[in-house]
Amino acid sequence: MNPSGPSIFDLSPSEKLQLVEDLWDDLADTPDAVPVHEWQKQELARRKWNLVKNPTSGLSWEDVKQRIRRQPL
């Protein structure tokens, strides 16, 4: 932390969320600049292959959202 000036830790929760959203949007604008590790590529390939072999094993986006909303806070 820099004692001579404000810090991101001094932001309100809503300001922090806005900062995260702005950072995420900035990264999304240049996806090629975001490093993807080889193990991540392999994991994505494995998951894709599993879905191709068993297409009914996945859930729709609507099902995922419903399951999340049913979970207690």
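Residues numbered from 1 in each chain as written. Predicted model: local features only at pLDDT ≥ 70, side-chain atom pairs only at ≥ 80, totals over all residues. Heavy atoms only, no water.

### Observations concerning the overall build of the protein
The secondary structure content of the protein amounts to three helices and zero strands. By the compact-globule yardstick of 11 Å for 73 residues, the protein is too spread out, its C-alpha radius of gyration being 19 Å. Summarising its shape, the C-alpha atoms of the protein cover approximately 60 × 35 × 20 Å along the three principal directions. Burial statistics for the protein: of 73 residues in total, 1% are counted as buried. In the form shown here, the protein has an accessible surface area of approximately 7300 Å², with 60% of it arising from carbon and sulfur atoms. (Helix = DSSP H or I, 4+ residues; strand = E, 2+ residues; numbered from the N terminus. Rg over C-alpha atoms; globule rule 2.2 N^0.38 Å. Buried < 20%, exposed > 50% of the residue type's maximum accessible area, 1.4 Å probe, protein only. Areas by Shrake-Rupley, 256 points an atom, 1.4 Å probe, with all protein chains shown as cover.)

### Description of the confidence of the model for the protein
A residue-level look at the protein finds 96% of positions with pLDDT of 70 or above and a mean pLDDT of 92. Put simply, helix H3 (residues 61-70) is where the protein has its lowest mean pLDDT, 94, and helix H1 (residues 13-29) is where it has its highest, 97. (pLDDT = per-residue confidence, 0-100.)

### A closer look at the pattern of salt bridges
One pass over the structure, following the stated rule, counts three salt bridges. With its nearest N and O atoms 2.8 Å apart, the salt bridge here joins Arg 47 to Glu 43. Of the two residues, Arg 47 and Glu 43 both sit in helix H2 (residues 38-53), four residues apart, roughly one turn of that helix. What makes Arg 47 exposed here is its relative accessible area of 52%. What emerges from the salt-bridge pattern is a single network uniting Glu 43, Arg 46 and Arg 47. (Salt bridge = Lys/Arg side-chain N within 4 Å of Asp/Glu carboxyl O.)

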